[in-house]
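Here's the letter readout for the chains.
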Amino acid sequence: MNDWKKLIRDLKKLEKFPAREVKEKVLLIEADKLSDQIQANAPASFIRQDILSIDKGNKYLSSVMVGIDYSQGANANLAYAFEYGTVERYTKAGYYRGMLQPAPFFRPVVDANRKQIVTNIIKGIGKIVENKLKQK
């Protein structure tokens, strides 16, 4: 926690937080690493291709996410069904259509890498802040 306190103290010394640089040099790199690991863990290739890091280039300058790109079509929607499973399904005529048992592939990767991701982000921001402070 000592590194975190030092980082906060150094950030307060800066006139302006370098959000764009943090996004490009730290957050996107970590998001890409995480999406690669989730892709490797995905149960099907048609799901694998829809997992990516998403750069929200809007008012949230430092916003980066890893997720499923649902705009790619119906196959992306199956990622949710694989992750959480489905209930037993029947047609209106009463025919059994089966069910999917949960086969989590997304959350286990996030949970396994959470601490390392946070550590890498803190170190990356720390390096950027140090370089900015040296330039002053």
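Residues numbered from 1 in each chain as written. Predicted model: local features only at pLDDT ≥ 70, side-chain atom pairs only at ≥ 80, totals over all residues. Heavy atoms only, no water.

Draft legend 1. Quick peek at the pattern of salt bridges. In this structure the tally under the stated criterion is five salt bridges. We note a salt bridge from Lys-25 to Glu-21, for which the minimum N-O separation is 3.2 Å. Residue Lys-25 and its partner Glu-21 are located together in helix H2 (residues 19-41), separated by four residues, close to a single helical turn. A salt bridge links Asp-55 to Lys-23, with the shortest nitrogen-to-oxygen separation between them at 2.6 Å. With Asp-55 in strand E1 (residues 51-55) and Lys-23 in helix H2, this pair connects stretches of sequence that are 32 residues apart. Exposure remark for Lys-23: the relative accessible area of 6% places this residue in the buried category. Each of Arg-107, Asp-111 and Arg-114 takes part in a single network of salt bridges with overlapping partners. (Salt bridge = Lys/Arg side-chain N within 4 Å of Asp/Glu carboxyl O. Helix = DSSP H or I, 4+ residues; strand = E, 2+ residues; numbered from the N terminus. Buried < 20%, exposed > 50% of the residue type's maximum accessible area, 1.4 Å probe, protein only.)

Draft legend 2. Representation of the nonpolar core. Among the nonpolar cores identified, the biggest contains 13 residues, and Ile-38, Ile-47, Ile-51, Ile-68 and Phe-105 are the most heavily contacted of them. Elements with a minimum of two residues in this core: H2, helix H4 (74-84) and helix H5 (107-135). Each residue touching Ile-38, except ones within four places of it in the same chain, is listed here: Ile-51, Val-66, Phe-105, Phe-106, Val-109 and Val-110. By size, the runner-up hydrophobic cluster in this structure holds eight residues, among which are Leu-7, Leu-14, Val-26 and Ile-125. (Core = buried A, V, L, I, M, F, W, Y, C linked by side-chain atoms within 4.5 Å. Contact = heavy atoms within 4.5 Å.)

Draft legend 3. Geometry of the packing of aromatic side chains. Taken as a whole and judged by the stated rule, the model has three aromatic pairs. With 4.8 Å between their ring centres and 45° between their planes, Tyr-80 and Tyr-84 make a pair best called tilted. Taken together, the residues span about one helical turn, with Tyr-80 and Tyr-84 both in helix H4 at a distance of four residues. (Phe/Tyr/Trp six-rings, centres within 6.5 Å; stacked < 30°, edge-to-face > 60°.)

Draft legend 4. Broad picture of a nonpolar patch on the surface. A cluster of nonpolar side chains, Tyr-70, Tyr-80 and Tyr-84, forms an exposed patch at the surface whose accessible area comes to about 380 Å². Using a relative accessible area of 43% as the deciding quantity, one classes Tyr-70 as partly exposed. (Patch = residues over 30% accessible without salt bridge, like charges linked within 9 Å, V, L, I, M, F, W, Y side chains within 5 Å. Areas by Shrake-Rupley, 256 points an atom, 1.4 Å probe, with all protein chains shown as cover.)

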